[in-house]
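# Descriptive analysis of the structure
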Amino acid sequence: MVRTRRSEAATKLNPATSPKPSSPRVRRHSLCETGKLEKLPSTADVDMMDLSGNAECSKQQITPGQKSPKTDSRRTRKMSQSESRLDQPPKDPAAPQRRRSSSESRQKRSVDSQPEHFHTYRMHRIKFFDYEPQAINCIACDRARNRLALSRSDGSVEIWTVGGTFIDLYQQAILSNEVGTSIEALLWHNGILYRGGVDGDLVEYDMTTYRSKKCIPGHAGAIWCLALNKDETLIAAGTEEGCVVLFLYTGEGFEYMKSLQKQEERMMSIDWHESGDIIVTGGLDNIRLWSVDSGNALQRITIARQSPDKSTIVWSVAILKDMTIVSGDSRGKVTFWNGKHGTQLKMFSCHRADIFSIAVNDDENQVYAAGIDPVLIQFELTPVNASSDWLVWQRASVRAHHTHDVRAVVMMNNFVITGGVDCSLVAVNFEEKLKYKTIPLPHHSLVHVAKKARLVLLQYSSHVHLWTLGATHTTLPLADKSKNMLALSSRPVNLLELRSRKEEHIVCSDISSDGTWVAYCDRNSLRLFNLTMGDNEILPPKISASRLRGLPTTLSHLPIRCIKFSIDNSLYLGYIDGSVKCVQLKVTNSLPHIHNIISSTTSEKDISLGTLHQMVVSPDGSKVATSDSNYNTLVYVVHEDSLKLTWRLPREDMLVTALAFSPNSECLAYALSSHKVIEYNLMKRCYSRPTISSPTHKSRKSHYLSVVAKVLNMQYSSHDPTIIIVA
């Protein structure tokens, strides 16, 4: 479980002016700040102070990407030495020249590489955001469409697109379920996602609206595992009551077909043989092979116990073409069995605790296993010696990419994909020695700033918090030069907490710039609040929130994916089908109400809108831009009665992960899942500059292009419109 520490500080950088380069410079943002994506310049003097109120400061030259004050202080000492030498009078040319040492050469390069000018930014470091990522329960791959689905411990389901390589892995959508739902198994069929859980139903999702479409009862208690046969006509489910339930595909979906013979214990794992006539299941102290036609057990393999009073649970099982059965159990043992005779071929005691999941590659010569001890072990089918044709299973390699339990292991595109309690999704290629790891955070902003009101809205799973930002005086004395914080004259205060109805999952939220409106939406409805702030001289200030009731049903006819306020407090709603609506809000005689609602119009018939996942409003409120899953990037112009589609940007072969308008609203910058940043001039209808694929700081280029963490936020610098700040 990941938590952030509670504290806040403000950072002040010395002012100066900056020359405008010929191409925009991109600054990578590595911290979760207030949501203002104004980042440190390439070099700056920093005075900082912590929340305790003790004056602590230092003046040091810092560069994006540096991680420790110690490194910055060392660079500061080098700068001071270099500057002192530059101030000395020139030496006599006739005097003998001393050979410059390597350290002096590095100091000179450090001086020469520093820009002459930089801008002033104030950064608020928010450390009181207690966001808790949720553990991954299970993973399912849709190889035909290069995407995967995973479920988390809070009952939510995430859809991820893979792209060409796993470095393009991007979170496309989050499917929220009812509160208390526990999803134990996921399965893809013809691009449609199915899930099973403790409610005992096989649930089909509508991939257009990302809502539950159909529930097929299993009549046998909780569903712990699911498997699809090779012909993709039957789904087998292992249940709490100890029977295999079969669901038949009828062309319009799956329907309950029959249940096989009941056993005494629950079934925790299941798999189909390639022939489609045999099913293998794992339960308590046994593995069974079942005949699909007769519904009876063909073979029973008994698993030994470590202690007489503790059952051995077969958490995962797989069956190969040659009837070899692979099992992983609660003893931490991976066992290979002869499925025809029910005998043990080989057993490996490589894990120290339960093995939760195993996966087999397409050639069936490699098996991967993981569980409570966070290691991924590879087993290979290899010859006994170079001159022998006799193949045996051997342990090949061990990898440790997780910090806690690994609950799911699947294979996709020669990559082993794992997930577990540490909340991160990891993709590993053993042959090419590649690894990609995602950050355990949603791919949309959870922090929203009301710049004029100096408020910050923090979005959690089922509630939002409203805080005031801390303030500082720039003329406070500086005492301790070992820290980088400015003293706070007023501390941040938690003003308000808004909870969703029945603790439903909050999809998106936002706050207006002047702090008078807050909006959030769950999977079914929109909530809109008008805020009234009391006397600011009273600490903490009093605030009241009045909900705007009786919203038109047309605002929630489809799931809302994005919410954005404009400068004039108009609320823009981005829907799952790619459409946009603008809700113009007014306050008359202290009564908030909706003044007008306008909808987007698409004149071009050849545009196929996909699932909307990005939206941004221009600084002047005259334009709104969206991007969707069909790689469309569209810009609408706001009129009195409609949102007219005016620009359709050239399509890219990757998803857009962030959007930003220039200060004059004439250019639109967008980032792709491959980390490329592109700027498009709307007035000239062309690319304004070459594609930017790395930050200006060259030492950060390799890291910037290698990490799986995407550019999720963008903003133009308020001082220099040729600088784009990314986070």
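Computed from a prediction, not measured in an experiment: that's the story for all the values here.

## What about the overall build of the protein?
Looking only at helices and strands, one finds 3 helices and 57 strands in the protein. A total of 727 residues make up the protein; the buried ones form 55% of that total. A separation of at least 24 residues holds for 51% of the contacts in the protein among residues at least 6 apart in sequence.

## A short note on the confidence of the model for the protein
Residues at a pLDDT of 70 or more form 78% of the protein, whose mean pLDDT is 80. In the predicted structure, residues 696-706 sits below a pLDDT of 50 and forms 24 contacts with residues beyond four places in sequence or in another chain.

## Description of the sheet that holds strand β54 (residues 677-681)
Spatially, the 4 strands line up as an open sheet ordered β52-β53-β54-β55, and their pairing is antiparallel. What marks the edges here is a single partner per strand, and that holds for β52 (656-661) and β55 (686-687). With 5 bridges connecting them, β52 and strand β53 (residues 667-672) associate as antiparallel partners. Bridged to Ala660 within β53 is Ala669.

## Quick word on unusual backbone geometry
One non-glycine residue, Met323, lies in positive phi territory at about 70°. Looking at the element boundaries, Met323 is found in the loop between β22 (314-319) and β23 (324-329). Positive phi, close to 55°, is recorded for Arg454, a residue that is not glycine. Note on placement: Arg454 falls in the loop between β34 (447-450) and β35 (455-459). In this structure Arg454 comes out as partly exposed when scored by relative accessible area, which is 35%.

## Re the sheet that holds strand β12 (residues 201-206)
For sheets, the rule is that strands pair by backbone hydrogen bonds, running either parallel or antiparallel. As summarised here, the arrangement of the 4 strands in space is β10-β11-β12-β13, forming an open sheet in which the pairing is antiparallel. In this open sheet, the two edge strands, each paired with only one partner strand, are β10 (183-189) and β13 (211-217). Here the strands of the sheet are splayed against their neighbours by 25° on average, with no regard to which way each runs. Where strand β11 (residues 192-197) meets β12, 3 bridges bridge the pair, whose relative direction is antiparallel. When the bridges of β12 are listed, Tyr194 appears paired with Glu204.

## Looking at the side chain of Ser570
Residue placement: Ser570 occurs in the loop between β44 (560-565) and β45 (571-575). Taking relative accessible area as the criterion, Ser570 reaches 4% and is therefore assigned buried. Within the local environment of Ser570, its side chain forms a polar contact with the side chain of Asp568, the two groups lying 3.2 Å apart. Residues in contact with Ser570, not counting those within four places in the same chain, are Lys564, Phe565, Cys582, Val583 and Gln584.

## Overview of the environment of Ser674
Topologically, Ser674 is positioned in the loop between β53 and β54. In this structure the C-alpha to C-alpha distance between Ser674 and Leu655, which are 19 residues apart in sequence, comes to 8.6 Å. Residue contacts for Ser674: discarding those within four places in its chain leaves Asp168 and Met654.

## Some points on the pattern of salt bridges
A full pass over the atoms with the stated rule returns 14 salt bridges. The residue Asp142 makes a salt bridge to Arg147 at a minimum N-O spacing of 3.1 Å. For Asp142, a relative accessible area of 6% translates into the label buried. Judged by relative accessible area, Arg147 falls into the buried class, the value being 13%. Here Asp285 and Arg305 are joined by a salt bridge, their closest N and O atoms 2.7 Å apart. In this pair, Asp285 is assigned in the loop between β19 (278-282) and β20 (286-291) and Arg305 in the loop between β21 (297-302) and β22, connecting sequence segments 20 residues apart. Under the relative-accessibility criterion, Arg305 is labelled partly exposed at 39%. One network of salt bridges, in which partners are shared, links Asp142, Arg145 and Arg147.

## Quick look at the environment of Cys582
Looking at where Cys582 falls in the secondary structure, it is placed in strand β46 (residues 580-588). Spatially, the C-alpha atom of Cys582 lies 8.1 Å from that of Asn596, the residues being 14 residues apart in sequence. Those residues in contact with Cys582, other than ones at most four positions away along the chain, are Ser570, Leu571, Tyr572, Asn596, Ile597, Ile598 and Leu643.

## Here's the deal with the pairing of strand β16 (residues 244-249)
Two strands pair when backbone bridges link them, and strand β15 (residues 234-239) and β16 are joined in this way by 5 bridges, in the antiparallel orientation. Across the sheet, the residue bridging to Leu234 is Leu248, located in β16. Connecting β15 to the antiparallel partner β16 that follows it, the hairpin turn spans 4 residues, and Gly242 within it adopts a positive phi of roughly 90°. Sheet topology places β16 next to strand β17 (residues 254-259); 5 bridges connect them, and they run antiparallel. Bridge pairing in β17 places Leu248 opposite Glu255. In sequence, β16 turns back onto β17 through a hairpin of 4 residues, with Gly251 there showing a positive phi of about 105°.

## Some thoughts on a positive patch on the surface
Together, Arg501, Lys502, Arg547 and Arg549 give the surface a local cluster of positive charge. Within the secondary structure, Arg501 is located in the loop between β39 (494-499) and β40 (506-511). Look at Arg501 and you get partly exposed, because its relative accessible area is 46%.

## Considering the side chain of Ser665
Inspection of the secondary structure puts Ser665 in the loop between β52 and β53. Separated by 3.1 Å, the side chains of Ser665 and Asp620 make a polar contact.

## Observations concerning the packing of aromatic side chains
In this structure the tally under the stated criterion is 15 aromatic pairs. With centroids separated by 5.0 Å and ring planes inclined at 80°, the aromatic side chains of Phe129 and Tyr460 adopt a geometry described as edge-to-face. Of this pair, Phe129 sits in the loop between β5 (122-126) and β6 (136-142) while Tyr460 is found in the loop between β35 and β36 (463-468), placing the two residues 331 residues apart along the sequence. Owing to a relative accessible area of 9%, Tyr460 belongs among the buried residues under this scheme.

## A short note on the pairing of β13
Summarising the sheet, β12 and β13 pair through 6 bridges and their orientation is antiparallel. Note on β13: the bridge partner recorded for Tyr205 is Ser212. Counting the residues between successive antiparallel strands, the hairpin from β12 to β13 contains 4 residues, one of them, Tyr210, with a positive phi of roughly 60°.

Parameters at a glance
- Residues numbered from 1 in each chain as written.
- Predicted model: local features only at pLDDT ≥ 70, side-chain atom pairs only at ≥ 80, totals over all residues.
- Heavy atoms only, no water.
- Helix = DSSP H or I, 4+ residues; strand = E, 2+ residues; numbered from the N terminus.
- Buried < 20%, exposed > 50% of the residue type's maximum accessible area, 1.4 Å probe, protein only.
- Contact = heavy atoms within 4.5 Å.
- pLDDT = per-residue confidence, 0-100.
- Pairing = 2+ DSSP bridges.
- Axes fitted to C-alpha atoms, helices over the stretch in contact; angles between N-to-C directions.
- Polar contact = N/O pair within 3.5 Å; in protein donor to acceptor, adjacent residues only side chain to side chain.
- Salt bridge = Lys/Arg side-chain N within 4 Å of Asp/Glu carboxyl O.
- Patch = residues over 30% accessible without salt bridge, like charges linked within 9 Å, V, L, I, M, F, W, Y side chains within 5 Å.
- Areas by Shrake-Rupley, 256 points an atom, 1.4 Å probe, with all protein chains shown as cover.
- Lys, Arg positive; Asp, Glu negative; His and termini not counted.
- Charge placed at Lys NZ, Arg CZ, Asp CG, Glu CD.
- Phe/Tyr/Trp six-rings, centres within 6.5 Å; stacked < 30°, edge-to-face > 60°.

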